[in-house]
Amino acid sequence: MDLPSDEWKYYVLHKWSLLPKTTQVTISTAETLSDIFLHTSSLLQPKDEMVLKRLSGSYLVKKDYDAPLFYREEGNRKFQEKEYTDAAVLYSKGVSHSRPNTEDISLCYANRSAALFHLGQYEICLKDITRAQMHGYPERLQPKMMLRKAECLFSLGRLQEANQTISDLENNLAATPAPAAASCHILQKTLRHLKMQVQDKEKLPEPFPAALTEAFEEMDLGEESKQVSNAAPSVSLCTDPLKGRCLVATKDILPGELLVKENAFVSVLDPGEMPPLHHSLESKWDTRVTTGDLHCHRCLKHTLATVPCSGCSYAKYCSQECMQQAWEGYHGTECSLGGLLLTLGVFCHVALRLTLLARFEDVHKIVRRLRDEIGNKDFLPENKNLVKTSNYSQGESEESGKSDEILIPGCDVNGKYESNYNAVFNLLPHTENHRPEHKFLCALSVFALCKQLDTGSPRVLSTGLTPPKLKGAATPGLCADLTVWGVAMLRHMLQLQCNAQAITSMQHTGSKESIITNSRQVRLATGIFPVVSLLNHSCSPNTSVSFTSTAATVRATQQIRRGQEILHCYGPQESRMGVAERRQKLRSQYFFDCSCVACHSQELRAAAEPKWNAFRCNKCRTLMQGDDVLSCGNRSCMKFFHRDQLVSHLQDLQQQVALAQKLLRNGNLEQAILQLLGCRQDAESFLSAEHTMVGAIEDDLAQAYAALGDWQRSATHLQNSLQVVEARYGPSSIEMGHELFKLAQILFNGFAVPEALSTIEKAETVLLVHCGPQSDEIQELQEMKSCLLDLPPIPVGPLV
Ligand SMILES: [Zn+2]
Ligand SMILES: [Zn+2]
Ligand SMILES: [Zn+2]
Ligand SMILES: [Zn+2]
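Residue indices follow the written sequence of each chain, beginning from 1 at its first position. Each chain takes a letter, starting from A, and each ligand takes a number, starting from 1, following the order in which they are written. For this predicted model, a pLDDT threshold of at least 70 governs which residues receive local features, and a threshold of 80 or more governs which side-chain atom pairs are given and counted, while totals over whole chains, interfaces and linings are taken from all residues. Calculation of side-chain values draws on the structure's entire complement of heavy atoms; hydrogens and water are dropped beforehand.

Account for helix H22 (residues 643-665), with residues named and values stated.
Only DSSP runs of H or I reaching four residues or more are called helices, and only runs of E reaching two or more are called strands; each is numbered from the N terminus. By this rule the span expected of a helix is its residue count minus one, scaled by 1.5 Å. The first and last C-alpha atoms of H22 sit 33 Å apart over 23 residues, in line with the 33 Å expected at 1.5 Å per residue. What H22 keeps buried is the set Leu-646, Leu-650, Leu-653, Val-657, Ala-660, Leu-663 and Leu-664. We call two residues in contact when some of their heavy atoms are within 4.5 Å. Buried-residue contacts for H22 involve strand E14 (629-632), strand E15 (640-642), helix H23 (669-686) and helix H24 (692-708). Phi turns positive, to about 85 degrees, at Gly-667, one or two residues after H22. Per-residue accessibility, obtained with a 1.4 Å probe over protein chains only, is compared with the maximum for each type, and a residue is labelled buried under 20%, exposed over 50%, and partly exposed between these values.

Have a look at this one:
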């Protein structure tokens, strides 16, 4: 997904393997990115371009005017089955393939408004009604939609407008010669009923104001650090010959404190699975729901009512404004390149958008300035000293240690680090660490893209400013300006491996009927955050990063003392994998050997199996020790087992649990419980009490009992699961937060008021740190609390 599609990748790697040795050596030993780019670009042949063109052409990114009818019918089918979310997405797909001002597009919008109405999303339902009318919704169908509009307005408490719509509708019906159809009778009956409701509601006093919500406004940074933009004053930027740049606390920081709040300099929505065209013969058109169907292409906001780009079928937005801004910023260039960008991968796409956002003059200015500073050699030297490591030493550098002579890379002339293109450009590409064939793949892909820009999109170069003429050779077939652009893009592509940030969002899974919410993080987009990129890695970090649309928020998860480094985890976290696996992952992706506290202390300790993965003796219940042959930790017991034996026992158990989960999903609750109780007994015989598998079984049991309405039993089992989660992830981890949230839901449903309140409190404390006050979980916890305390509830969309 990040890198080019497999077909293109293997094609280019094959091409590499066929190159003469001397050419391979020239590229491998090239010292600068411009040399790599120049050498590689001379090797792109017409037949390579043909391959790329074929691959790009296999994605459905253009509008297909035959598709709307298909999608509308599929949507109607889902609508009949009361699957309103799926129906809305299918209508959206119909919209994105329609011509403007046609019956096709107006019908898709109108049908989507009906689905949104059933989902209680009245505001956007009204917008869709307006859109349907704008695109020429047929006169004969108007009354039905006007009634829907009146119902929406009524539900939103906009009674005056509801009244107006009702009287318009009455006039409309009076003017048309009465069709005696049954549907008309139903319409009039509903209308009469609605009219009465409106009149009743008008007599009621004003609803209670939602004062509670105000208390939970999003926290802001307030004052900003003088040295680093988008960071709190408690954060300062230092450099260290060994560690490179790092963020250090200038005062004691408490858990939950907001440290960085930064908007992505660039973000590209992950396309999700975009199946190539003619993938299956069943249907030409894809009906699956992807990230791109549910989120704004620009601001990443979740929405069911997307508006499509008028030039392509893949870019969809939350609003007209986002569409306009995206078009002006980058999509005007990208629009026709959809298939090519999908083939070349997300990193290439991010690299292009970075340079588009930076604007032509900025790319040139920065490149030129750096050339002046460093001589004509290359854009930037690869400072060998600036290898990212995460040595955990007490930073002594504070205000006193600041020296004017040290210019920290990425800072402006005043020594301030801003979240801008200059900072992005200064992130390390680690050119010398990437494999030569990888550099070849990136350079060839970027060059192919540049050639498309040269021919296809004159917009790129028409920025109005005459870019400064750069000395030096131009790449064959490209003007000198585009060569600079290409080398900048290549630099970005190589930077992304270490600096790209996955923008994630919490997705709530579980069937509509289940009371307990299961959450998991899903990747929404890939972004670049220059300030967040300053954080070094630790396998046991002291911060947590969360996202709201394109903004990243970094909060402290534990106390950070003045002078200590602020650290976050690049992925391999202590509680998720062993030290060897972590080190291997960090080495291959980030090019450094981790020596964080967690890695250090685990090295010292004998490599004892963590409890969440440990076996225990079936005779005396003591934990087993050893590698291939495990013996009971209790010396007098003398029991021993081969690991293979235990592992295959665990696999059997896994299968039994999977069976139980299937029963659970199908609603065979009693049977599921019986099966799970059997599994638990089996688990207890050979797994540690804190084993992840034990936790999973307890969690499923809790879910099954909750579905039966047996809150007490459900809570007991969830408390067991909670202990396992705590043992593995720690008491203030996000995993713990989600588990506490589930427990709160169960206790709330069981009206166990004091227990529920105390659990809500605990869940809030943990989740606030990780997710911030605006997260869905926190909002829901607030609602539960106010409900339990018999306060007026925060309105959550009225049900009629
Ligand atoms: Zn948007
Ligand atoms: Zn487009
Ligand atoms: Zn580590
Ligand atoms: Zn034993």
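From this point, things continue past the structure.
Break down the coordination of the zinc ion (ligand 2) for me, citing the residues and quoting the values.
Protein coordination at the zinc ion (ligand 2) comes from Cys-309 (SG), Cys-312 (SG), His-331 (NE2) and Cys-335 (SG), with a distance range of 2.1 to 2.3 Å. Any nitrogen, oxygen or sulfur atom within 2.8 Å of a metal ion counts as a donor, with the limit raised to 3.2 Å for Na, K and Ca, and since water is left out, coordination shells can look unfinished. Geometry is assigned from the angles between donors: four donors with all angles from 85 to 135 degrees make a tetrahedral site, four or six donors whose opposite pairs exceed 155 degrees while the rest stay between 65 and 115 make square planar or octahedral sites respectively, and everything else is labelled irregular. Seen from the zinc ion (ligand 2), its four donor atoms lie at angles of 106 to 116 degrees, and the figure they make is tetrahedral. Taken in sequence order, the residues that donate to the zinc ion (ligand 2) follow the motif C-x2-C-x18-H-x3-C. Across this residue pair, the class does not change: Cys-309 and Cys-312 are buried.

Would you mind going over the sheet that holds strand E3 (residues 258-263) in detail, with residue names and values included?
With antiparallel pairing, three strands are arranged side by side in an open sheet as E3-E11-E10. Two strands lie at the open edges of the sheet, namely E3 and strand E10 (543-548), each paired on one side alone. The sheet shows a mean angle of 15 degrees between the axes of neighbouring strands, direction not considered. Criterion used throughout: strands pair if DSSP finds at least two bridges between them. Where E3 meets strand E11 (residues 551-556), five bridges bridge the pair, whose relative direction is antiparallel. When the bridges of E11 are listed, Asn-263 appears paired with Ala-551. Between N-to-C directions, angles span 0 to 180 degrees; the directions come from axes that are lines fitted to C-alpha atoms, helices contributing only their stretch in contact. Strands E10 and E11 of the sheet are contacted by helix H27 (residues 753-771), whose axis makes an angle of about 130 degrees with E11.

An account of the coordination of the zinc ion (ligand 1) is needed here, citing residue identities and associated values.
Here the zinc ion (ligand 1) is held by Cys-296 (SG), Cys-299 (SG), Cys-318 (SG) and Cys-322 (SG), and the distances to it run 2.3 to 2.4 Å. One can describe the donor arrangement at the zinc ion (ligand 1) as tetrahedral, given that its four donor atoms subtend angles of 106 to 112 degrees at the metal. Each donor residue of the zinc ion (ligand 1) lies on one chain, and together they are spaced C-x2-C-x18-C-x3-C. Look at Cys-318 and you get buried, because its relative accessible area is 14%.

Tell me about the nonpolar core, residues and numbers included.
Trp-8, Tyr-317, Leu-352, Tyr-417, Tyr-421, Leu-449 and Met-489 are the most contacted members of the largest nonpolar core, which totals 147 residues. Counting residues per element, this core draws most heavily on helix H16 (residues 346-374), which supplies 12 residues. We define the nonpolar core as a collection of buried residues of types Ala, Val, Leu, Ile, Met, Phe, Trp, Tyr and Cys that are connected through side-chain atoms lying within 4.5 Å of one another. Formed by 28 residues, the second largest nonpolar core is a distinct cluster that contains Cys-632, Leu-646, Ala-672 and Val-694.

Hey, could you go over the sheet that holds strand E13 (residues 624-625) for me, with residue numbers and the actual values?
Ordered by their spatial adjacency, three strands build an open sheet running E13-E14-E15, and the pairing between neighbours is antiparallel. Edge strands, defined here as strands with exactly one partner in the open sheet, are E13 and E15. Pairing analysis gives three bridges linking E14 to E15, with the strands arranged antiparallel. Within the sheet, the bridge partner assigned to Ser-631 lies in E15 and is Phe-640. Contacts from H22 reach E14 and E15 within the one sheet, and its direction differs from that of E15 by about 75 degrees.

Mind laying out the pairing of strand E2 (residues 244-249), listing which residues take part and the relevant values?
Counting buried positions along E2 yields six of six residues, so the element is predominantly enclosed. Alignment of strand E1 (residues 235-240) against E2, held across six bridges, turns out to be antiparallel. Counted as the bridge partner of Cys-238 is Cys-246 from E2. The turn joining E1 and E2, which pair antiparallel and follow one another in sequence, is formed by three residues.

Requested: an account of the pattern of salt bridges, with residues and values cited.
In the sections that follow, a salt bridge refers to a side-chain nitrogen of Lys or Arg positioned within 4 Å of a carboxyl oxygen of Asp or Glu. Tallying each qualifying case throughout the model produces 28 salt bridges. We note a salt bridge from Arg-680 to Glu-698, for which the minimum N-O separation is 3.3 Å. Of this pair, Arg-680 sits in helix H23 while Glu-698 sits in helix H24; the two residues are 18 residues apart in sequence, bridging distant segments of the chain. Overall, the relative accessible area of 5% leaves Glu-698 in the buried class. In the salt-bridge network here, residues are joined through shared partners; they are Glu-74, Arg-77 and Glu-81.

Give a detailed account of the confidence of the model for the protein, specifying residues and quantitative values.
The predictor's confidence in any single residue is recorded as pLDDT, a number from 0 to 100. Averaged over every residue, the pLDDT of the protein is 82; the share at 70 or more is 84%. A low-confidence stretch, residues 207-218 (pLDDT under 50), is modelled with 16 contacts involving residues beyond four sequence positions or located in other chains. Below a pLDDT of 50 lies the segment residues 374-405, which in the model reaches 66 contacts outside its immediate sequence neighbourhood of four places, other chains included.

Can you break down the side chain of Thr-543 residue by residue, with the values?
Counting through the fold element by element, Thr-543 comes out in strand E10. For Thr-543, a relative accessible area of 6% translates into the label buried. Counting of polar contacts relies on pairs of N or O atoms within 3.5 Å, with two restrictions inside protein: one atom must be capable of donating a hydrogen and the other of accepting it, and residues adjacent in sequence are counted only when both atoms are side-chain atoms. Of note is the side chain of Thr-543, whose polar atom sits 2.8 Å from the backbone oxygen of Leu-567. Setting aside anything within four residues of it in sequence, one finds Thr-543 in contact with Leu-259, Val-554, Arg-555, Ala-556, Thr-557, Ile-560, Ile-566, Leu-567 and His-568.

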